[in-house]
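# Structural characterization, general
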Amino acid sequence: MTSLPYYHVDAFADRPFAGNQAAVMPLESWQEDAVLQAIGEENNFAETAFYLPDQSGQADYELRWFTPKLEIALCGHATLASGHIILSQQPDRQQVTFRTRKAGILTVMREGDGYALDLPAYPPAPQEMPEIVAIIGGNPVETQFHEGRYHVLRYENPEDVLALIPDMKALAALGNAQFICTAPGNDSDVLSRVFVPGGGVDEDSVTGSAHAVLTPFWARQLGRDRFTAYQASQRGGYVRCRLDGDRAWLGGNCVTVVEGSFRL
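None of the values given here were measured: they were computed from a predicted structure. (Residues numbered from 1 in each chain as written. Predicted model: local features only at pLDDT ≥ 70, side-chain atom pairs only at ≥ 80, totals over all residues. Heavy atoms only, no water.)

### A few points about the layout of surface pockets
- For the largest pocket, the calculated volume is near 550 Å³.
- Elements that contribute at least two residues to the lining of the largest pocket include exactly β4 (61–66), α2 (76–89), β13 (201–204) and α6 (208–222).
- With three residues, β4 is the largest single contributor of residues to the lining of the largest pocket.
- Of the residues contributing to the lining of the largest pocket, the split by class is 13 nonpolar, 12 polar and eight charged. (1 Å grid on protein atoms, 1.4 Å probe; cavity = no way out; pocket = protein on both sides within 12 Å on 5 of 7 lines; lining within 4 Å. Points joined across faces, edges and corners; volume = space filled by probe spheres on them. Helix = DSSP H or I, 4+ residues; strand = E, 2+ residues; numbered from the N terminus. Nonpolar A, V, L, I, M, F, W, Y, C, P; charged D, E, K, R; others polar.)

### A word on the pairing of strand β6 (residues 105–111)
- As judged from the five bridges shared by strand β5 (residues 95–99) and β6, these two strands associate in the antiparallel manner. Its bridge partner being in β6, Arg 99 is matched across the sheet by Ile 105.
- Once β5 ends, the chain turns through five residues before running back antiparallel as β6, passing Gly 104 with a positive phi of about 75°.
- Here β6 pairs with strand β7 (residues 114–120) via five bridges, running antiparallel. Considered in β7, the bridge of Met 109 is made with Ala 116.
- Counting the residues between successive antiparallel strands, the hairpin from β6 to β7 contains two residues, one of them, Gly 112, with a positive phi of roughly 60°. (Pairing = 2+ DSSP bridges.)

### Quick notes on the nonpolar core
- Trp 65, Leu 74, Leu 80, Val 108 and Ile 180 are the most contacted members of the largest nonpolar core, which has 50 residues in total.
- Not counting the four nearest positions on each side in its chain, Val 108 is found in contact with Thr 79, Leu 80, Gly 83, Leu 87, Gln 94, Gln 95, Val 96, Phe 98, Tyr 115, Ala 116 and Leu 117.
- With 17 residues, the next largest nonpolar core counts Met 129, Ile 132, Phe 179 and Cys 181 among its residues. (Core = buried A, V, L, I, M, F, W, Y, C linked by side-chain atoms within 4.5 Å. Buried < 20%, exposed > 50% of the residue type's maximum accessible area, 1.4 Å probe, protein only. Contact = heavy atoms within 4.5 Å.)

### A short note on α2
- Helix length check: α2 (14 residues) gives 20 Å between terminal C-alpha atoms against 20 Å at 1.5 Å per residue, within 8%.
- By the criterion of burial, α2 is predominantly enclosed, with 12 of the 14 residues buried.
- Taken together, the buried positions of α2 are Gly 76, His 77, Ala 78, Thr 79, Leu 80, Ala 81, Ser 82, Gly 83, His 84, Ile 85, Ile 86 and Leu 87. (Expected span 1.5 Å × (residues − 1).)

### As for the side chain of Ser 233
- Relative to the helices and strands, Ser 233 is located in the loop between β14 (226–231) and β15 (237–244).
- Since its relative accessible area comes to 12%, Ser 233 is described here as buried.
- Apart from the residues lying within four places of it in its own chain, the contact partners of Ser 233 are Glu 203, Asp 204 and Ser 205.

As structure tokens, this is what we get:
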């Protein structure tokens, strides 16, 4: 029987049972993809992150993410959670870098009593999407799209976003895509909800990759390079957003809830 280290982390959270849950599992070598996917399904979190020392010399670690259904190209909260585990275990270290398969090199660094996560910025462009609007509901004032399959629907008021009841089955039929519904916030500059039923997550708790899209989108809307954001899921979580050229920096805290092992 093989025993693998296992950490349950609440990311973009300053207390347990908030933010977005991630399983973080350091490895010495890659297991078969089918095994990694089975672990992701067993954990049943939005993402399970696996990392091991990077042999290429490009970064400190290599990092991959699995939902309960599939491997994905970019996950922000599980990257933040992975950085949290490494930096918590190495208190003299200020940052850690990860080489990913489709999102390049990502960085997590200490920032105050929390962390800052560096992701590629994904600016969306205007696009009509009447079918998706009909499925999600409400009356968005504009819709935009990024080729990474990120759909942005901007509403006039936060109450419009909070009232949405999307048809999850119909959204899932459109495949593994993100549907980001957003508006100006009340106690934050920006509010959002994010739906990814085709990827195995009906409504995500706090989505780092969605904020890689929201950061350039709202930086243009607000006319400034930094703002605060709140993802209004059942668990909820705050994100500090900053646009720096073609990079989106996301600030937040993490809490380790469980430390143990996973047996195969």
